[in-house]
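Residues per chain, in single letters:
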Amino acid sequence: MCAGRFFQAFCNHHVRRSHILQRFWYRPPHSLWRNSSTCPYKAVIFDMGGVLLPSPIKLAADWEVRHHVPPGTIKQAMRSGGEDGPWLRYMRGELQPAEFLHVFGQQCSKIAKSSVPVESFLADLTSVRMSGQLPIMTEAIKRIRAEGLKTAVLSNNFYLPSGESFLPLDRQQFDVIIESCREGVCKPDLRIYELCLERLGIQAKESIFLDDLGQNLKAAAQLGMKTLKVDDPDSAIHELESHLGFALRSFVPYTCSVRSAMQIPTAPLQKYIESILGAPGPLVLRQFSHGQSNPTYYIRFGDRQFVLRKKPPGPLLPSAHAVEREYRVLKAVAEAGVPVPKVIALCEDSSIIGTPFYLMDYCAGRIFKDPSLPGLEPSQRTEIYTAMNRVLCKIHSVNIKAAGLEDYGKHGNYVQRQVQTWSKQYRATETHTIPAMERLIAWFPSHLPASEGLSLVHGDFRLDNLIFHPEKPEVVSILDWELSTLGNPLSDVAYNCLVYYLPSSFPILKGLRDCDLSRLGIPTAEAYFQMYCKHMGTPAAENWNFYMAFSFFRVAAILQGVYKRSLTGQASSATAGNSGKQAEFMADLAWDFATKEGFRVFKELPTPMAPTRAFSTWAGPRPFPRSSYSTLAPASRFHLIISPDGLPSRVQELHHKVKKFMEDHIYPAEQLLRDHQASSSRWTPHPLMEELKEKAKSEGLWNLFLPLESDPDMKYGAGLTNVEYSHLCELMGSSLHAPEVFNCSAPDTGNMEVLLRYGTEAQKERWLQPLLDGKIRSCFAMTEPQVASSDAANIEASIVKEKDTYVLNGRKWWISGSLDPRCQLCVFMGKTDPNAQRHKQQSMLLVPMDTPGVTIVRPLSVYGLEDAPAGHGEMAFDNVRVPQENLLLGPGRGFEIAQGRLGPGRIHHCMRLIGFAERALALMKERVASRVAFGKPLAEQGTIRAEIAESRVEIEQARLLVLKAAHLMDTVGNKAFGAAGLGNDQPLAQFFAWARALRLADGPDEVHRAAIAKMELKR
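Just so you know, these numbers come straight off a predicted model, no measurement behind them.

Along its length, the protein carries 31 helices and 24 strands. Per-residue burial for the protein yields a buried fraction of 53% across its 1019 residues. By sequence separation, contacts in the protein at least 24 residues apart represent 73% of the contacts at least 6 residues apart. Carbon together with sulfur atoms contributes 54% to the accessible area of the protein, which is approximately 44900 Å² in total.

What follows deals with the pattern of salt bridges. All chains considered together, the criterion is met by 49 salt bridges. Arg145 is the salt-bridge partner of Asp175, the closest N and O atoms lying 3.0 Å from each other. Here Asp175 is found in the loop between β2 (150–155) and β3 (176–179), whereas its partner Arg145 is found in helix α7 (residues 135–146), with 30 residues between them in sequence. For Arg145, a relative accessible area of 7% gives the class buried. One salt bridge in this structure joins Arg952 and Glu956, with 2.8 Å as the shortest N-O distance. On the criterion of helical spacing, the pair formed by Arg952 and Glu956 is a turn pair, its members being 4 residues apart in helix α29 (residues 942–971).

Moving on to unusual backbone geometry. The omega torsion across Lys187 and Pro188 is 10°, close enough to zero to call that bond cis. With respect to the helices and strands, the residue Pro188 is situated in the loop between α8 (180–183) and α9 (190–200). Each neighbour pair has its own omega, and for Ala746 with Pro747 the value is 0°, a cis peptide bond. Unusually for a residue other than glycine, Asn703 sits at a positive phi of about 55°. Tracing the sequence through the fold places Asn703 in the loop between α23 (687–698) and α24 (722–732). Despite not being glycine, Phe934 shows a phi value in the positive range, around 55°. Along the chain, the position of Phe934 falls in the loop between β23 (932–933) and β24 (936–937). The exposure class of Phe934 is exposed, given its relative accessible area of 84%.

Spatially, 6 strands are ordered β6-β7-β8-β9-β11-β10 in an open sheet, and the strand pairing comes out antiparallel. Lying at the two open borders of the sheet, with one neighbouring strand each, are β6 (255–256) and β10 (343–347). Inspection of the sheet shows strand β9 (residues 304–310) paired to strand β11 (residues 357–361) by 5 bridges, in the antiparallel sense. Pairing of Phe306 across the sheet is with Asp361, part of β11.

In this section: the pairing of strand β8 (residues 296–301). Taken across its 6 residues, β8 has 5 buried, putting it largely inside the fold. Here strand β7 (residues 283–288) pairs with β8 via 5 bridges, running antiparallel. Of the residues in β8, the one forming a bridge with Arg286 is Tyr298. Pairing of β8 with β9, which is carried by 6 bridges, proceeds in the antiparallel orientation. Residue Phe301 lies in a different strand from β9, and its bridge partner there is Arg304.

Here 5 bridges tie strand β17 (residues 798–802) to strand β18 (residues 805–816), and the two strands are oriented antiparallel to one another. Along β18, the bridge assignment pairs Lys801 with Tyr806.

Let us look at the packing of aromatic side chains. In this description, a pair of aromatic rings is defined by centroid distance and the angle of the planes. One pass over the full model with this rule turns up 27 aromatic pairs. Their ring planes at 75° and their centres at 5.4 Å tell us that Tyr272 and Phe357 sit as a pair that is edge-to-face. Of this pair, Tyr272 sits in helix α12 (residues 266–277) while Phe357 sits in strand β11, placing them 85 residues apart in sequence. Aromatic rings pair up to connect Trp87, Tyr90, Phe100, Phe104, Phe158 and Phe166 into one cluster.

The next thing to look at is the environment of Lys205. Here Lys205 shows up in the loop between α9 and β4 (207–211). Discounting residues that sit within four places of it in the chain, Lys205 has contacts with Tyr41 and Gly224.

Turning our attention to the side chain of Thr151. Note on placement: Thr151 falls in strand β2. Excluding residues that lie within four positions of it along the chain, Thr151 makes contacts with Val44, Phe46, Ile141, Ile144, Arg145, Gln173, Phe174, Asp175, Val176 and Leu200.

Once that is clear, we can look at the sheet that holds β3. Judged by pairing direction, the sheet is parallel, and its 5 strands sit side by side in the order β3-β2-β1-β4-β5 without closing on themselves. Unpaired on one side and paired on the other, β3 and β5 (226–229) mark the two borders of the sheet. Strand after strand, the sheet turns through a mean of 20° between neighbouring axes, direction not considered. In terms of strand pairing, strand β1 (residues 43–46) meets β4 through 4 bridges, oriented parallel. Bridged to Phe46 within β4 is Leu210.

Attention now goes to the side chain of Glu918. Among the secondary structure elements, Glu918 is positioned in helix α28 (residues 894–929). According to the relative accessible area criterion, Glu918 is buried, its value standing at 14%. At a separation of 3.1 Å, a polar atom in the side chain of Glu918 contacts the side chain of Arg952.

Moving on, we come to the packing of helix α14 (residues 378–396) against helix α19 (residues 525–536). Helix-helix packing is characterised by the crossing angle of the two axes and by the distance between the axes. Taken N-terminus to C-terminus, the directions of α14 and α19 make an angle of 45°; their axes are 10 Å apart at the nearest point. One way to sum up the angle between α14 and α19 is to call them oblique. For the pair α14 and α19, the crossing hand works out as right-handed. Together, Tyr385, Thr386, Met388, Asn389, Arg390, Leu392, Cys393 and His396 of α14 and Tyr528, Met531, Tyr532, His535 and Met536 of α19 make up the contact between the two elements. The class makeup of the residues in the contact of α14 with α19 is 8 nonpolar, 4 polar and 1 charged.

By the secondary structure assignment, Gly163 is in the loop between β2 and β3. A relative accessible area of 37% places Gly163 in the partly exposed class. For the pair Gly163 and Asp804, spaced 641 residues apart in sequence, the C-alpha separation works out to 9.1 Å.

The next thing to look at is the packing of helix α22 (residues 649–677) against α23. Where α22 contacts α23, the two axes come as close as 11 Å, and the packing angle between them is 170°. When the axis of α22 is compared with that of α23, the two are roughly antiparallel. Residues Phe661, His665, Ala669, Leu672 and Leu673 of α22 lie in contact with α23, whose contacting residues are Leu688, Met689, Leu692, Lys695 and Ala696. For the contact of α22 with α23, a count of residues per class yields 8 nonpolar, 1 polar and 1 charged.

What follows covers the nonpolar core. One broad trend across soluble globular proteins is that nonpolar side chains are buried collectively. One finds Leu456, Ile478, Trp481, Tyr500 and Phe552 to be the most contacted residues of the largest nonpolar core, which totals 100 residues. The dominant element in this core, judged by the number of residues it contributes, is helix α20 (residues 544–567), at 14 residues.

The next subject is helix α1 (residues 56–66). Residues Leu59, Ala60, Trp63 and Glu64 constitute the buried set of α1. For α1, the angular spread of the buried residues around the axis is 135°, confining them to a single face. In α1, the exposed residues that point more than 90 degrees away from the buried face are Lys58 and Val65. Those residues of α1 that are buried are in contact with α2 (73–79), α5 (118–125) and α6 (128–131). The N-capping residue of α1, defined by a side-chain oxygen 3.2 Å from the backbone nitrogen of Ile57, is Ser55. Among the residues trailing α1, His68 stands out with phi positive, at a value near 55°.

What follows deals with α23. Taking 1.5 Å per residue, 12 residues should reach 16 Å; α23 reaches 17 Å between its end C-alpha atoms and fits that length. Considered for burial, the residues of α23 that qualify are Leu688, Met689, Leu692, Lys693 and Ala696. Burial along α23 is one-sided: seen end-on, the buried residues are contained in an arc of 140°. Pointing more than 90 degrees away from the buried face of α23 are the exposed residues Pro687, Glu691 and Ser698. Residues of α23 that are buried sit in contact with α22 and α25 (738–741). Backbone geometry just after α23 places Gly700 at a positive phi near 80°.

On to the confidence of the model for the protein. For the protein, the mean per-residue pLDDT works out to 84, and 85% of the residues sit at or above 70. Below pLDDT 50 for its whole length, residues 1–37 participates in 203 contacts with residues either more than four positions away or in separate chains. Counting contacts from residues 972–1004, a segment whose pLDDT is below 50, to residues more than four positions away or on other chains yields 16 contacts.

Bringing the state of the cysteines into the picture now. What the rule picks out here adds up to 0 disulfides. The thiol sulfur of Cys181 is not disulfide-bonded, and the nearest other cysteine sulfur, from Cys186, lies at 8.7 Å. Cys181 sits in the buried class, given a relative accessible area of 3%.

Reading the values: rules and limits
- Residues numbered from 1 in each chain as written.
- Predicted model: local features only at pLDDT ≥ 70, side-chain atom pairs only at ≥ 80, totals over all residues.
- Heavy atoms only, no water.
- Helix = DSSP H or I, 4+ residues; strand = E, 2+ residues; numbered from the N terminus.
- Buried < 20%, exposed > 50% of the residue type's maximum accessible area, 1.4 Å probe, protein only.
- Contact = heavy atoms within 4.5 Å.
- Areas by Shrake-Rupley, 256 points an atom, 1.4 Å probe, with all protein chains shown as cover.
- Salt bridge = Lys/Arg side-chain N within 4 Å of Asp/Glu carboxyl O.
- Pairing = 2+ DSSP bridges.
- Phe/Tyr/Trp six-rings, centres within 6.5 Å; stacked < 30°, edge-to-face > 60°.
- Axes fitted to C-alpha atoms, helices over the stretch in contact; angles between N-to-C directions.
- Polar contact = N/O pair within 3.5 Å; in protein donor to acceptor, adjacent residues only side chain to side chain.
- Parallel < 35°, antiparallel > 145°, perpendicular 65-115°, else oblique.
- Left-handed = near helix turned anticlockwise from the far one by under 90°.
- Nonpolar A, V, L, I, M, F, W, Y, C, P; charged D, E, K, R; others polar.
- Core = buried A, V, L, I, M, F, W, Y, C linked by side-chain atoms within 4.5 Å.
- Arc of directions from axis to C-beta.
- Expected span 1.5 Å × (residues − 1).
- pLDDT = per-residue confidence, 0-100.
- Disulfide = S-S within 2.5 Å.

Quick look at the structure:
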């Protein structure tokens, strides 16, 4: 994203050793720290027409003159009829545009005593001229949000003929948007103000309301809101400034009032600047709002603008926050022709503002915070990435001797020293064990590069550390040199490529992993690296994965340092504490690359005699010793983990805790719960189930199903891959009651994943959080009695849009969980457009179970079992109305959501079935060992042994198949041949035939089964 046409420089702040990633933090503006402790307000609420947009009253007056309509006609018609007049009914969404124009036109013509072309008035009202937000208001909103206050728009507006509401504003400016046509209530009705306050989560006295109509302001004042009448936007902003206590004009992007903990004395600073410039002047001081390291300030001194960078207060790690080094390198590279801000002065006298600092010019240009560069053309994106690549080459081409930087860092063994430095840094700030970091610290020393180049390295080179020319694809300034030193240039290139391997939704740093780079015009990571090598005239490095592993490792260590510093209150951003959640994620990515590099090295080794090793996926005690060389298996997305022993230590611990919980609490309770399911009170959940759920939650065995890819921050779940969860799921499957105890039971799991992946923030707040907390349950309504519902295109249930609601009609059956008294949500699938493409006809909506028209027709039984209290119901939906906000993802996206929902769910069911099978086999072995027939135990009967052996083989086969499917979901996705695999176009049919023949050629199956049965019975 272009972060402002003229965003001027250096809002990034880092540490030399405990360097901190700052502009990575993406958060809603109101979540920034608030410094204005004297400001009693938490939100500013704006009217639209006459406040944010030009006044419609003034437009009406001008329009009347131009069309020779008697003055005041439009205004009188707007007020005619009061609440039942056509204007207010149109504002409430009660009249369609055509109907409104007809009635309003009659009213205007009656007042004017002549025909009035109201269509022309409405066209002018919605024209481009009237749709442009006033710049002074745009600037004020940015400043208000930068200070940590919320913003809202509260407008009487209407629907356009297209069906969209008239709100020509950038919605991202506001935390809450209230539109009368959507809510069905208009100002000055008190209810619409109360609704706005409720959604903002504030009291009336904590808000300021701006409107141009006295009647609207009077109603707001009745509730206790501070009101401000807008006659002239400039005067209104001046008055608003007096209420808020801070200026709203001359906004500097990404700055706030100075945070209380980061205040610096302005009087001595002003005197120092005066001595540097040789002239007096007024001083304005603000702080850049992002960053967790060196506090950075914006300074306006007279007509000059500067940036001040200083060390943070408090005790610091050795060599950390070295602003002196940064000043030196900026001055040196500027003389070498590298584009950087011009440094003005370095002050090492701590008596001025408490710490050393330096001043530099405030540079003009564009900063792109989003690496996907939205808003640019593909060719422009290519040019931006090319310019970034070239300027990196320019840094690495600096003659360090001519620049006077020969002593700027040690020569040789850069990566080794960096690994040691960041390992020590990690140890110094360690708050808990991160398994991947432990493996990396042990792995790096034996995989260091044999040779390295030497150049000046930036240390934090990435897109948002560059300022581009306002119009050209040209870098005019490179920011944040605090980590610069002499070292291996490939470390800069790898660090620059981090974004390629992170998802676009990643909260610390927006990535490109899920973007279509070809369509965007952005070079791939491989192409970007090749471009660098071409510009530098060097061959591509074979050990590229090593440098990527090192870069992610360094980031993990940095984030851990940020987290530790946040605990002591030293980090200069309020969001620094969140970084602790991200260190493990980055460490796991580093280990993924280390694993790739390990495989590359392994493949290049001479082929040795294959080591003998016994593999088994058997559950329970292992008859084989654990291997001492399985170091690649844990925590790697790229390695299939076939046994719980290969799981990362964190997941092994979860596996152990789940197993113990099952043995201590669930198995002993099974008979009681089975008896309850057969009792007259079966449709009421047994109290013991809720007790077990609370116990599981308290032990951290909760919401384990959410995959890491859907929840990378581990905000909701345990952050497990599909493979890792599969091993836990098998344990849960050994009891029908266990999944619910751990809040991992269908259909809730699928519905929670749908809400997490596709739900809006409002939908998540209303439905996802209660489901995650286990406070409610849900159902999924897709299957229909009249059609083969496995093909979603056959669905006949209808979804019809009427104004701002959807009307649902249809019949569904086998809706699991629908009879549970705790079921409050139904995810409903139906057709919104039968004429669209086959898989674009369906949509999904969130339907509260208490919505009028939702009926449970009857419970359905499965082989005579009712599966109480959840049950499987037949449901009727008769003219069920839900608001359009309940639509998931968008119209026609239902099939897409269904596919995303079913993938993980199928794997969960399969692994639970394997748990069923293991439990059944265990019960079978126990039974046959205690029963005698025909003079010997059943366990010694040939047919029984054959069945046991067959069961073991089938379980092992099924487990491996399902684990591989889960592994593919984690890595490459699903592919299949289908019927093509049976023809001559592929060799698969021959493979199948030979596989069956080998079952005879290699000895009868019965002989092998007998051997397996003996082994199984000895376990």
